[in-house]
Amino acid sequence: MSDSFAQYWANEIDTLALAPHKRHICAYGDFPNTSRIDPNHDIVLVLNGTSSGVCPPDLDWIVPDRAGLVIADGVSAAFTRAIDYDRIDVLCWSWQKALGGEGGHGMIALSPRAQARLKVGERKPVGRLMRLHNADGSVNEAFFGGRTISTPSMFAVEDIHSALDWAEACGGLPALLNRVANNYAVMDDWVTSTPWIDWICTNPAARSACSITLRLVREQLAAGETEDDGKIVEGIIRLLEAEGAAFDIWSYGDAPPGFRIWAGPTVETDDLAILCGWLAWAYSETCEASIPPQARAVHHGYFPPSKARAVQPRTESACPPTAALESPPPQTLADCYDAILFDATGVLISENEALPGAAGILARFNTSGQPYYIVTNISSGSDETIFARLRGAGLPIPTADRVVSAGGVARNRVLEELAAGRLVSCFGSAHAAHDIFGKHPNLHCADSAKPFDTLVVLDDEGFDFKRAADHILSTFRRRLIETGEMPRMIAANADIIYPSKNGRVLFGPSIIGPMLQAGLAPFGTSPTSVEFMGKPGRAIFEECIARARTDRLLMVGDQVDTDIKGAKAAGLDALLVTTGLNNSGELRQDENSVPDYFARNLGQIFDGSLLPHLRPAKHSSTTNQV
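None of the values given here were measured: they were computed from a predicted structure. (Residues numbered from 1 in each chain as written. Predicted model: local features only at pLDDT ≥ 70, side-chain atom pairs only at ≥ 80, totals over all residues. Heavy atoms only, no water.)

Undergrad: Residues and numbers for the overall build of the chain, please.
TA: The helix and strand inventory of the chain stands at 16 helices and 22 strands. Looking at the chain residue by residue over its 626 residues, the buried ones come to 49%. Counting contacts in the chain only where the partners sit at least 6 residues apart, residues at least 24 apart contribute 66% of the total. With an accessible surface of roughly 29400 Å², the chain has 54% of that area assigned to carbon and sulfur atoms. (Helix = DSSP H or I, 4+ residues; strand = E, 2+ residues; numbered from the N terminus. Buried < 20%, exposed > 50% of the residue type's maximum accessible area, 1.4 Å probe, protein only. Contact = heavy atoms within 4.5 Å. Areas by Shrake-Rupley, 256 points an atom, 1.4 Å probe, with all protein chains shown as cover.)

Undergrad: Go over the sheet that holds strand 7 (residues 258-262), please, and point to the residues and values.
TA: Consider a sheet: its strands pair through backbone hydrogen bonds, and that pairing is either parallel or antiparallel. Read from one edge to the other, the open sheet built from 3 strands follows the order 5-6-7, with strand pairing classed as antiparallel. Looking at the sheet topology across the chains shown, the edges are occupied by strand 5 (197-199) and strand 7. Direction aside, the axes of adjacent strands within the sheet are offset by 30° on average. The sheet contacts of helix 5 (residues 172-193) involve strand 5, strand 6 (211-216) and strand 7, and relative to strand 5 the element is tilted by about 130°. (Pairing = 2+ DSSP bridges. Axes fitted to C-alpha atoms, helices over the stretch in contact; angles between N-to-C directions.)

Undergrad: Just give me the short version of the packing of aromatic side chains, but keep the residues and values in it.
TA: All chains considered together, the criterion is met by 8 aromatic pairs. A ring pair is formed by F342 and Y372, whose centres lie 6.4 Å apart and whose planes are at 70°; its orientation type is edge-to-face. Placement of F342 in strand 8 (residues 339-342) and of Y372 in strand 11 (residues 372-376) is noted, with a sequence separation of 30 residues between them. Look at Y372 and you get buried, because its relative accessible area is 0%. Where F365 meets Y372, the ring centres are 5.7 Å apart and the plane angle is 55°; that geometry is what we call tilted. Relative accessible area serves as the criterion here: at 1%, F365 is assigned to the buried category. Members of the aromatic cluster, joined through ring pairs, are F342, F365, Y372 and F606. The ring of F606 carries the charged tip of R364 above its face, separated from the ring centre by 4.1 Å. In this structure, R402 packs its charged tip against the face of Y372, placed 4.9 Å from the ring centre. (Phe/Tyr/Trp six-rings, centres within 6.5 Å; stacked < 30°, edge-to-face > 60°. Lys NZ or Arg CZ within 6 Å of the ring centre and 35° of its normal.)

Undergrad: A description of the pattern of salt bridges should follow, citing residues and the corresponding values.
TA: Per the counting criterion, the structure on display carries 20 salt bridges. Between K535 and D343 there is a salt bridge, with its nearest N and O atoms 2.7 Å apart. Here D343 lies in the loop between strand 8 and strand 9 (349-350) and K535 lies in the loop between strand 19 (531-532) and helix 15 (538-548), a separation of 192 residues in the sequence. Here K535 matches D343 in class, with each residue buried. Linking R547 and D383 is a salt bridge whose minimum nitrogen-to-oxygen distance equals 3.4 Å. Separated by 164 residues along the polypeptide, R547 in helix 15 and D383 in helix 10 (residues 383-392) bring together distant segments of the chain. Classification of R547 by relative accessible area gives partly exposed; the value is 27%. What makes D383 buried here is its relative accessible area of 12%. Look at the salt bridges and you will find they share partners, linking R413, E416, E417, R422 and E531 into a network. (Salt bridge = Lys/Arg side-chain N within 4 Å of Asp/Glu carboxyl O.)

Now the structure itself:
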């Protein structure tokens, strides 16, 4: 027995007072050792345990020449997993479980061997169809008030016919099983990349693909600290119910505190990806504030490598030449490229919330297996920290190595400066600097008046922008007077402006460059030289090419001066979307920043609407708008 419903079967056998029997019991979340099962005896098993998320890895241990019957509970296994019917004699299932049909009608199929058993021997006791009494022996009056297990209506028959018609239209059983596999892949990717959650069933071979059962992992708590996981789970579920994001996802009564999520063929993969984002948000809201910072950082360690497929560098243009577009091929824009690069702010998120449709687009890429990367100038922490932030915003990014951040790219460059003995000042919080570069005696925050040789521009989140700008201007002027030279300047976050909520536009961290230029102008300085690590610098795009192992990449962004200009300078194609800074019309363009495509939403990457339109000439000042 590996599931609560297996326990019910065993209890029913006891109630019927059948011949002596043996229970094969294992730890919760595991499947029993099948080598100890005698095939000469009748075998009763559950093919898909929805309370524990455990199923038999295979049925090879059931031999063809067995003497006993195999009685299998396939209530949630029908239409969700491949079943070896030759090894089963009695199979029961229900209409509604996998296909969402109306009513709790049960079905039963008998093999010739099972039918032969019915014809021999004395009459056997019959198991319950509906108990009219409670566990204490009292009458269950609910039945006399109208409660019933099976809907006594032919509407249920018509409903299952409609469900089967839908299944056939999807491609039949193979298509249903493929939908289940895709759903499981989304959940498995999320569990793999989320440190506070794990499978109840730790053996992937015995894990149900549709009955997602998860438990909390509290390893990130400080040593010796305890917490009531049941209360945490309750808090998460209450939040999700209040937001209308999820209902009835409690783990089963005898399971560890966690969640039970149905991922059968009628569930959309995109919806599960969105649910993962909601779970991450609810977890953060419920308990992360109580976790000590030193313990919270533990989960920024190991993340599994990307499952992106290997691709070859291009030898010709990523899309057909202009002339060929007169007869557009039956492809989407995504099909023209080996990987897609997405800007974060203004394209996928606004502040800490996913933009409409963004989670669904990434979920679609997760399902198709086509690689994508989040290429961002956000420099508020390491790639792992930004990954956690984006996941918390509701984006189903599978692993941290899908994030290519300006701070991460700047890391090696800054470590070179420190190794050379130079004093490095970070325009950004000390927490962000230490998360990205680690702690070093020559590394400090620019909000102090300490001298420096190199200024690194990170994010201004949680940072006294005005005070730091004053210190930086004074340091630059002092160096200019004392040595005739100015400090080096490395821009991780190169955004001068960025979009916020409700159409607002805010100054970005790299406004410090123009401010310095204006402040030093009275002293007759030459233009400040800036080494860009983030967009539009080439370094961040070279990192993308290295990770994707191809330059057949499409950059999707909302800023001309960073996303588009940077991609074009690196030899990549670019798509300008109107979801962020460009939401009120086209931004200024010059001959070096004309996007190859222009779209109103990310969905046009898949819908084929961009392909029939000619690409603009490289020196045109306008862009085709779809």
